[in-house]
Amino acid sequence: MAAEDASRAPAWVEPMLAKADGGRLRSGPEWAYEYKLDGYRAAMRIAPDGTTVLTSRNNIDFTAEFADLDGVLAPALDGRAAYLDGEIVVYGEDGRIDFELMQERRGRYVRHQSGPPGRAFEDVPVRFLAFDLLRLGDRSLLTTPYDERRALLASLPMPDPYRVSVVRAVTFDELAADRRTPADFLAHAASAGYEGVVAKLRSSAYVPGQRPDSWLKHPLIRTQEVVVCGWRPGQRSFTGTLGGLLLGAHDPATGALVYIGDVGTGFSQAARADLKAQLERLERRTHPFVSAPPREDTVRARWVEPRLVGEVVYRQFTRAGRVRHTAWRGLRADKDPADVIAPRAVPHEPPPPPPENRITVQAGDRRLTLSNLDKVLYPADGFTKGEVINYYSRVAPVLLPHLAGRPVTFIRYPNGVDGEKWFEKNAPNGAPSWLRTARLPSTGSRGSGDSIDYPLLDDLPGLVWAANMAALELHVPQWTVTDGARGLPDRLVFDLDPGPGTSIVDCCRVAERLHDVLVADGLTPYAKTSGSKGMQLYCGIETADAAAPSAYAKRLAQRLAKETPETVTAVMAKAQRSGRVFIDWSQNNPAKTTVAPYSLRGRDHPTASTPVTWEEVRACRHVTHLTFTAEDVLDRITDAGDLLAGLIGARAPLP
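Here the residue numbers are simple positions, counted from 1 along each chain's written sequence. With pLDDT at 70 or above as the cut-off, local features in this predicted model cover only qualifying residues; side-chain atom pairs require 80 or more to be listed or tallied, and sums for whole chains, interfaces and linings still use all residues. Working from all heavy atoms in the structure, the side-chain values ignore hydrogens and water.

**Student:** Quick question: what am I supposed to make of the pattern of salt bridges here?
**Tutor:** Any two side chains of opposite charge can pair, on the condition that their charged atoms come close. Any carboxyl oxygen of Asp or Glu within 4 Å of a side-chain nitrogen of Lys or Arg constitutes a salt bridge here. A full pass over the atoms with the stated rule returns 33 salt bridges. When the shortest N-O distance is used, the salt bridge between arginine 284 and glutamate 305 registers 3.4 Å. Pair noted here: arginine 284 is in the loop between helix 7 (269–280) and strand 15 (302–314) and glutamate 305 is in strand 15, with a separation of 21 residues, a long-range link. Through salt bridges with shared partners, a single ionic network connects Asp38, Glu311, Arg329, Arg332 and Asp334. Secondary structure elements are taken from DSSP: a helix is a run of H or I of four residues or more, a strand is a run of E of two residues or more, and numbering for both begins at the N terminus.

**Student:** When you look at helix 8 (residues 385–403) in this model, what are you seeing that I'm missing?
**Tutor:** Owing to its 3.6 residues per turn, the α-helix aligns residues three or four sequence positions apart on the same side. The length a helix should cover is 1.5 Å for every residue beyond the first. For helix 8, which comprises 19 residues, the first-to-last C-alpha distance of 21 Å sits more than 12% below the rise-based estimate of 27 Å (1.5 Å per residue). The rule is simple: take the accessible area with a 1.4 Å probe, protein chains only, and divide by the maximum for that residue type; under 20% is buried, over 50% is exposed, in between is partly exposed. For helix 8, the set of buried residues is Lys385, Val388, Ile389, Tyr391, Tyr392, Val395, Ala396, Val398, Leu399, Leu400, His402 and Leu403. Glycine 405 occupies a position one or two residues after helix 8 and carries a positive phi of about 75°.

**Student:** Whenever I open this one, the sheet that holds strand 2 (residues 31–36) confuses me. Can you help?
**Tutor:** Two strands in a sheet stick together by hydrogen bonds in their backbones, pointing the same way (parallel) or opposite ways (antiparallel). The strand order across the open sheet formed by five strands is 1-11-10-2-9, and the pairing between neighbours is mixed. Of all the strands in the sheet, the pair left with one neighbour each is strand 1 (19–20) and strand 9 (169–171). Strands strand 2, strand 9, strand 10 (196–201) and strand 11 (215–219) of the sheet are contacted by helix 4 (residues 146–155), whose axis makes an angle of about 55° with strand 2. In this description, contact between two residues means that some pair of their heavy atoms is separated by no more than 4.5 Å. Each axis is a line fitted through C-alpha atoms, taken for helices only over the stretch in contact, and angles between the N-to-C directions span 0 to 180 degrees. Helix-sheet contacts for helix 6 (residues 182–191) involve strand 2, strand 9, strand 10 and strand 11, and the interaxial angle to strand 2 is about 10°. A pair of strands is labelled paired if DSSP reports no fewer than 2 bridges between them.

**Student:** Would you explain the packing of helix 8 against helix 9 (residues 460–468) in this entry?
**Tutor:** Geometrically, a packed helix pair is captured by the angle between its two axes and the distance between the axes. The interhelical angle for the contact between helix 8 and helix 9, taken along N-to-C directions, is 140°, at an axis separation of 9 Å. Taken together, helix 8 and helix 9 sit at an angle that is classed as oblique. Note on packing geometry: the crossing formed by helix 8 with helix 9 is right-handed. Residues Lys385, Val388, Ile389, Tyr392, Ser393, Ala396, Leu399, Leu400 and Leu403 of helix 8 lie in contact with helix 9, whose contacting residues are Leu460, Leu463, Val464, Ala467 and Asn468. Throughout this entry, Asp, Glu, Lys and Arg are counted as charged residues, while Ala, Val, Leu, Ile, Met, Phe, Trp, Tyr, Cys and Pro are counted as nonpolar. The remaining residues, Gly among them, count as polar. Of the residues belonging to the contact of helix 8 with helix 9, the class tally is eleven nonpolar, two polar and one charged. Working rule for angles: under 35 degrees goes down as roughly parallel, over 145 as roughly antiparallel, 65 to 115 as roughly perpendicular, anything else as oblique. Each crossing gets its hand from how the near helix is turned against the far one by less than a right angle, where anticlockwise is left-handed and clockwise is right-handed.

**Student:** I would appreciate a short explanation of the side chain of threonine 326 in the present structure.
**Tutor:** Looking at the secondary structure, you find threonine 326 in the loop between strand 17 (323–324) and strand 18 (327–331). For threonine 326, a relative accessible area of 9% puts it in the buried group. Definition of a polar contact: a pair of N or O atoms within 3.5 Å, with one able to donate and the other able to accept a hydrogen when the atoms are protein atoms, and with sequence-neighbouring residues admitted only if both atoms are side-chain atoms. Engagement of the side chain of threonine 326 in a polar contact is seen with the backbone oxygen of aspartate 262, the distance being 2.9 Å. Among residues more than four places away in sequence, those in contact with threonine 326 are Asp262, Val263, Thr265, Val313, Tyr314 and Glu631.

What follows is the structure, given as structure tokens:
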């Protein structure tokens, strides 16, 4: 063979694509199953002399960006050419594929190529996971059945499986021999963090550029490619950077670019800055859509040329053609704007179906069985129990320090926020044996002197266990358990509850006044929303008298009420609260509890009790300024960490 032929990689082939399975995972001996991967689709084309070319789904050359993969398979091919279809992925520290980490790596690579030297990107290793073989030597395998292509792929030696390996595939028959089903395989995919499962017809050929019924994807999360068509500058804590993106896609019927909604969450601080810099270079005066988007959606919008493709996670595509409940995943340099097609609306579209009614997962050092992950607990948003568990798992690093040592009272919503709820202080029957509890005497208004075994949520397994019970709300006292008994208060709390005709905006004005009084008394106040209608202020304190915090808080509440009786009351009676903010000082009573920071609330939407800065309190002029959903909270933690961190361990003498 001539030298020039020996170095020529096989010609690029437009990849075959998977079609959505409509929520029904196919079953039967004619099917095989693979994990759906969360990375960059890529072809690895290897010439007879080992020259390797990596290309994206739309034939962009990836070879330089993923140079670590160059030549890895050459020693195993014995001078044969090969064409592998697969996915380039990055693994996180938890051993799961991490798309966000891939996005961060790509951003650093782009900056390295186009700007001054910055932080290197080689410290994030990549791996090529092959799932198909289109050519081996001189033989094209496009018309060869899937089973035979996979057998040839599996027979190739993998000289360095840390860099190139084969995606696991299993047939229906192999599952059945192990007394397992496709649903079991899907459940394992969910617990292992995969994006879903792809069912492939074992007799099928490889059809370039097509989306036939022989490859059917069953996603565990919905993702959508989008064209970035505009952006909004950030406000409040995001002033000076990017606040959100306005999204487009091409109508599947006409091919016209249409507006499909926006996204304002899921961005890291670095991603906001990078996107803003890129979009400012693409600005244009008018929107790029075939018809104008709704005016209310375009307030403060800045339009850009529709050249950048990104990806969002979403929960619903409405009949009006909008993606709802979106979160940003990152730019997709491997995709072309012209290929971005809007999804088709499905009336009353449900969330993706669950892998099975029960799955077993690893949470910290414990294995837990979770159930009914598809049950919708917030009907207005379609927010499921699985999403509640995911939220509490992700918020655990900042939430657990605020729960440590404090007996937890749950408010459980087993049938969702529209169903029956109940308070639960005692650890319920069936609680795991490893769950820490504290046996304390009952002190409530109906207390009979009996003891209560309060749960103590000190770790991730305990938090996941509680979330699996639909314990949406977590309430704790202002003291911790010390040597098996109730300790002295270490926190002072003011619960600001807006009466009829007022809102959290009015609470903020009262909070500003309380802030100044508390600072003058030598205390350091912190603020958080209640996640419902009001807010709380906290101070770390030292006191030798359990009754002193209530007495001090009552004096301050009465002082403000006396100064401005038209806007503030220190009396709980409902007749006194219309048009006023009630300063509830009584939650300092050792028998009472307050909603924990970062706890979800049993409201119409999955809002959470959220720490806020004093700058945000002073700037609040509308209820929406201090209303945060679970997704918002996770973004805020990414950007700012725990705004209540200073409350932990820092105490001042109670005046």
